[in-house]
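What follows is the residue order along each chain.
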Amino acid sequence: MKKALVTRYQNKILYMLLEEGKEVEIDMYNDEENLIYNNIYVARVKDVVTNINAAFLEIAPGQICYFSLDEKNVLFLNRKNTTKVCEGDLILVQVVKEAVKTKAAVVSCEINLSGKYVVLTAGKGDFVGVSHKITDKGRQMHLKQLVAPYASDNFGFVVRTGADNAEDGDIEEEIRSLSEEYKKILETAKTRTAFTLIRKNESPLNLNVENAHLEPEDEIVTDDAGLYEEIVSGKHRANVRLYDDKEISLLRAYSVETRIEKALAKNVWLKNGGYLVIEPTEALTVIDVNTGKFDGKEKDREETFLKINLEAAKEIARQLRLRNISGIILVDFINMKSSDSRKVLISELERQLYKDRIQTRFVDFTGLGLAEITRQKKKKPIYENIL
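Description of the structure in this document.

Conventions adopted
Residues numbered from 1 in each chain as written. Predicted model: local features only at pLDDT ≥ 70, side-chain atom pairs only at ≥ 80, totals over all residues. Heavy atoms only, no water. Helix = DSSP H or I, 4+ residues; strand = E, 2+ residues; numbered from the N terminus. Rg over C-alpha atoms; globule rule 2.2 N^0.38 Å. Buried < 20%, exposed > 50% of the residue type's maximum accessible area, 1.4 Å probe, protein only. Contact = heavy atoms within 4.5 Å. Areas by Shrake-Rupley, 256 points an atom, 1.4 Å probe, with all protein chains shown as cover. Lys, Arg positive; Asp, Glu negative; His and termini not counted. Charge placed at Lys NZ, Arg CZ, Asp CG, Glu CD. Axes fitted to C-alpha atoms, helices over the stretch in contact; angles between N-to-C directions. Parallel < 35°, antiparallel > 145°, perpendicular 65-115°, else oblique. Left-handed = near helix turned anticlockwise from the far one by under 90°. Pairing = 2+ DSSP bridges. Phe/Tyr/Trp six-rings, centres within 6.5 Å; stacked < 30°, edge-to-face > 60°. Polar contact = N/O pair within 3.5 Å; in protein donor to acceptor, adjacent residues only side chain to side chain.

### Some points on the overall build of the chain
- Each helix and strand in the chain was counted, giving nine helices and 21 strands.
- Its C-alpha radius of gyration of 23 Å places the chain within 12% of the 21 Å reference for a compact globule of 387 residues.
- For the chain, the spread of C-alpha atoms along the principal axes amounts to about 75 × 55 × 45 Å.
- Taken across its 387 residues, the chain has 45% of its residues classed as buried.
- Across the chain, the fraction of contacts at a sequence separation of at least 24, relative to all contacts at a separation of at least 6, is 59%.
- Carbon and sulfur atoms provide 48% of the accessible area of the chain, an area that totals close to 20,200 Å².
- Of note, the chain has its 58 positive side-chain charges centred 3 Å away from the centre of its 62 negative side-chain charges.

The structure is reproduced here in structure tokens:
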């Protein structure tokens, strides 16, 4: 069972997702924070840098974004005699990555429009995919057959996890709605000038709630009447409750501050007495697995180390989500001699990473025996949002 907590903390909106009572995601943002992720703009090409195969586009005066010249289907809005991107061109783009520190936001012509059940994906032809979290092969095939007739040369669809238990009619209705919206976006953009915001994404709060894939048995709890109204207007199936206990605040009732402190701590203790040391750096994140208080009295040290490593793998996957750690992650598991033990560890690590809604994968063990993991960058890590 999932529970989403929404409140105000340190003059910001705090969103915290609990699964089986344990925190797995935390996000914070200002009411007026200008998040541009997924927004669609008429951008103007400011500069083309061929030696890095990229262009820099303005989506607003002085707001520069990175655009890869590897894209094949560039949505030019001005008349052209060439398919090359040139300075001054007007291009329809969507923001696919927020700016992070010194790195500019990233934009793309591969427009995505998300619904509850499907995502319309333009720029990749008539591709139809199904979320890997829908594991029933028969259901996968049925959903592909249901959606395929709606795909075209201009756009395809990815079926989301939320479609697993949805009615066919509801899925088809959403497909038709997204298709019409995409066509309208293209038509509207042709008549607009540079820097026009064509489509603004949903609020960060409702995006978080939507991405949590909450079910009717799940619950959203908030103690703010304004946020309550915003949540009720969003796309989800969970129950929404306005917390109104005058004796104990929502923060105290759910130990929110303690949970945040743990999410920022360098050391994370495991149930078996071992612990993790999590060290974020500019280039990557390093996680060290230690035996800690584990007494290791068992005769088979290999079995002891495997137990610690397996619990660590589960906790590491949770910490990546919770802290929103992205990029390259190197994990120094406790060294095991048996190749069979390592195979068991890899299998468990991959199984736990599979649960992450953000693309996360185990790459391999490096020559020095460190497990390399990559996680797609979407937002700032939690320590940048809170500290």
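### Comments concerning the packing of helix H7 (residues 301-323) against helix H8 (residues 339-353)
- Relative to each other, H7 and H8 sit at 20°, their axes nearing to 9 Å. When the interaxial angle is binned, H7 and H8 end up roughly parallel. In this structure, H7 meets H8 at a crossing whose hand is right-handed. Here Glu302, Leu306, Asn309, Leu310, Ala313, Lys314, Ala317 and Leu320 of H7 lie close against H8, whose contacting residues are Ser341, Val344, Leu345, Glu348, Leu349, Gln352 and Leu353.

### Considering the pairing of strand S17 (residues 275-280)
- Sheet analysis places strand S16 (residues 267-269) next to S17, joined by three bridges and oriented antiparallel. Counted as the bridge partner of Asn267 is Val277 from S17.
- The antiparallel pairing of S16 with S17 creates a hairpin that spans five residues between the two strands, and Gly273 there sits at a positive phi of about 100°.
- Pairing of S17 with strand S18 (residues 284-290), which is carried by six bridges, proceeds in the antiparallel orientation.

### Things to note about the packing of aromatic side chains
- This structure, assessed with the given rule, holds five aromatic pairs.
- Ring geometry for Phe155 versus Tyr182: centroids 5.6 Å apart, planes at 75°, classification edge-to-face. Residue Phe155 is found in strand S12 (residues 155-159), and its partner Tyr182 is found in helix H2 (residues 168-189); the two are separated by 27 residues along the sequence.
- Classification of Tyr182 by relative accessible area gives buried; the value is 5%.
- Here the aromatic cluster, defined as three or more aromatic residues joined through ring pairs, consists of Phe155, Phe157 and Tyr182.

### A word on unusual backbone geometry
- With a phi close to 80°, Asn38 is a non-glycine residue in the positive phi region.
- Owing to a relative accessible area of 16%, Asn38 belongs among the buried residues under this scheme.
- The residue Asn53 is not glycine, and still its phi comes out positive at about 55°.
- Examined against the element boundaries, Asn53 turns out to sit in the loop between strand S4 (40-49) and strand S5 (54-60).
- Relative accessible area serves as the criterion here: at 31%, Asn53 is assigned to the partly exposed category.

### A closer look at the side chain of Glu98
- Considering the arrangement of structural elements, one finds Glu98 in the loop between strand S7 (90-97) and strand S8 (105-108).
- When its relative accessible area of 18% is taken as the criterion, Glu98 is described as buried.
- A polar side-chain atom of Glu98 sits 2.8 Å from the main-chain amide nitrogen of Ile36.
- A distance of 2.8 Å separates the side chain of Glu98 from the backbone nitrogen of Tyr37, its partner in a polar contact.

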